[in-house]
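Given next are the chains, with one letter for each unit.
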Amino acid sequence: MTRLTDQAHELISTVLRPGETAIDATAGNGHDSCFLCQTVGSTGRVYAIDIQETALKQTADLLAEANCFQCELICCDHSQLYEIIPSECLNETGAIMFNLGYLPGGDHNLITQRTSTLTALEAAKKFLRPGGMMTILAYPGHPGGDEEAAAIDQWLKQLSASAYQTETILARSNSAAAPCLFVVRKLEP
């Protein structure tokens, strides 16, 4: 079975176009940032956000190796998305990716939090263009991850069915701790 991260990339690649803007709301090791840069091409723009300088350094290194120079790295919490992404990106962003939890290889005590993630998701939906997509990869298996995943699931259920189409893709496991991928598509008017 295809990994959820790969499934997120496959889904995003069906809607994100060259020259568009995309946001990696949790840069981590930079894999999603690199994918988004390659998808939007040299005429596009990517904003990669992370609260940890270490994550942004790893992202910068990966982007440099891939010759991706259209990415702006921003060190702050993803809950500040609305304040840090330029307003001209509102209703114009083709894709937004979240990969929650902790930085692989980093401090496992530094994790995304339910409250800040919900704030970020509320902001993110304002940036998506009609036909755009948001993916949210959640990890219920670490302390606090189950609460965060449950809150995202509830958030999805509250979205207007006339404005958004949602989907939940579960990892191939019967465990409640298995990762899950939430997908939000903003419908065309």
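As the structure is a prediction and not an experimental result, all values here were calculated from the model.

Draft legend 1. Representation of the overall build of the protein within the structure. Within the protein one finds six helices and seven strands. When the helices and strands of the protein are read in sequence order from the N terminus, they spell out α-β-α-β-α-β-α-β-α-β-α-β-β. The C-alpha atoms of the protein give a radius of gyration of 15 Å, which matches the 16 Å a tight globule of 189 residues would have. Going through the 189 residues of the protein one by one, you find that 51% of them count as buried. Residue pairs at least 24 apart in sequence account for 72% of intrachain contacts in the protein once pairs closer than 6 positions are excluded. Working note: accessible area of the protein is about 8,900 Å², and carbon and sulfur atoms make up 50% of it. Each charge sign in the protein was given a centre, from 12 positive and 22 negative side chains, and these centres are 7 Å apart.

Draft legend 2. Here's a closer look at the side chain of Thr112. Mapped onto the fold, Thr112 is located in the loop between strand 4 (93-99) and helix 5 (114-127). Only 2.9 Å separates the side chain of Thr112 from the side chain of Glu148, close enough to count as a polar contact. Other than its neighbours up to four places away in sequence, Thr112 contacts Thr26, His78, Leu100, Gly101, Thr117 and Glu148.

Reading guide: rules and limits
Residues numbered from 1 in each chain as written. Predicted model: local features only at pLDDT ≥ 70, side-chain atom pairs only at ≥ 80, totals over all residues. Heavy atoms only, no water. Helix = DSSP H or I, 4+ residues; strand = E, 2+ residues; numbered from the N terminus. Rg over C-alpha atoms; globule rule 2.2 N^0.38 Å. Buried < 20%, exposed > 50% of the residue type's maximum accessible area, 1.4 Å probe, protein only. Contact = heavy atoms within 4.5 Å. Areas by Shrake-Rupley, 256 points an atom, 1.4 Å probe, with all protein chains shown as cover. Lys, Arg positive; Asp, Glu negative; His and termini not counted. Charge placed at Lys NZ, Arg CZ, Asp CG, Glu CD. Polar contact = N/O pair within 3.5 Å; in protein donor to acceptor, adjacent residues only side chain to side chain.

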